[in-house]
Amino acid sequence: MAGLSMGGIYTLYAGIQNSDMFSGLGVFSSGYMLPMLQDVADKQYKFLNENKSAFSSNVKNFWISMGGKDDIAYENGQKMLKEFDRIGIKYSYTDYPGGHTWPVWRNSLYQFAQILFK
């Protein structure tokens, strides 16, 4: 499952809550929009902390990408990654210059697809 921008938030929510259904999650130019989604983020982090082992064994490719520091989601994405680090969730991260734009997302999909179909 993969999504970009708001679709990335949906991917986070659906994928984290249902990790038994997905072996790969691709989150492109996204992160919990704070402070608006602080409650959602806190619940997701709590769920991950309580289900870290199951999530980690189910999701083999947790791939997160951003359009560099010019991406409007960059700051929230970095905060999210720090929380994943604190909890001990493994992920792959990459950024590609270009902000919150289609060229960045095309690159994200291209890179993510490479690891899904090995």
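All values derive from a computational prediction rather than experimental measurement.

Draft legend 1. Inspection of the sheet that holds strand β4 (residues 92–95) at higher detail. Spatially, 4 strands are ordered β1-β2-β3-β4 in an open sheet, and the strand pairing comes out parallel. The outermost strands of the open sheet, each flanked by one partner alone, are β1 (2–4) and β4. Each adjacent strand pair in this sheet contributes to an overall mean axis angle of 10°, direction not counted. Strand direction decides the pairing type here: β1 and strand β2 (residues 24–28), joined by 3 bridges, are parallel.

Draft legend 2. Region of the structure containing helix α4 (residues 74–87). The end-to-end C-alpha separation of α4 is 20 Å, in line with the 20 Å expected for 14 residues at 1.5 Å each. For α4, the set of buried residues is Tyr-74, Asn-76, Gly-77, Met-80, Leu-81, Phe-84 and Ile-87. Buried residues of α4 fall within an arc of 160° about the axis and therefore sit on the same side. Those residues of α4 that are exposed and aimed more than 90 degrees away from the buried face are Glu-75, Lys-82 and Arg-86. Tucked inside the fold, the buried residues of α4 contact α1 (6–17), α2 (38–50), α3 (52–58), β3 (61–66) and β4.

Draft legend 3. Highlighting the pairing of β3. The buried fraction of β3 is high, at 5 of 6 residues. In this structure, β2 lies alongside β3, joined through 5 bridges in parallel fashion. Residue pairing for β3: Val-27 is matched across the bridge by Ile-64. Strand direction decides the pairing type here: β3 and β4, joined by 4 bridges, are parallel. The partner of Met-66 across the bridge, within β4, is Asp-95. A crossover connection joins β3 to the parallel β4 through α4; in handedness this β-α-β unit is right-handed.

Parameters and conventions
Residues numbered from 1 in each chain as written. Predicted model: local features only at pLDDT ≥ 70, side-chain atom pairs only at ≥ 80, totals over all residues. Heavy atoms only, no water. Pairing = 2+ DSSP bridges. Helix = DSSP H or I, 4+ residues; strand = E, 2+ residues; numbered from the N terminus. Axes fitted to C-alpha atoms, helices over the stretch in contact; angles between N-to-C directions. Expected span 1.5 Å × (residues − 1). Buried < 20%, exposed > 50% of the residue type's maximum accessible area, 1.4 Å probe, protein only. Arc of directions from axis to C-beta. Contact = heavy atoms within 4.5 Å. Right-handed = clockwise from strand over helix to strand, strands pointing away.

Note that all results are geometric; they support no functional claim without further evidence.
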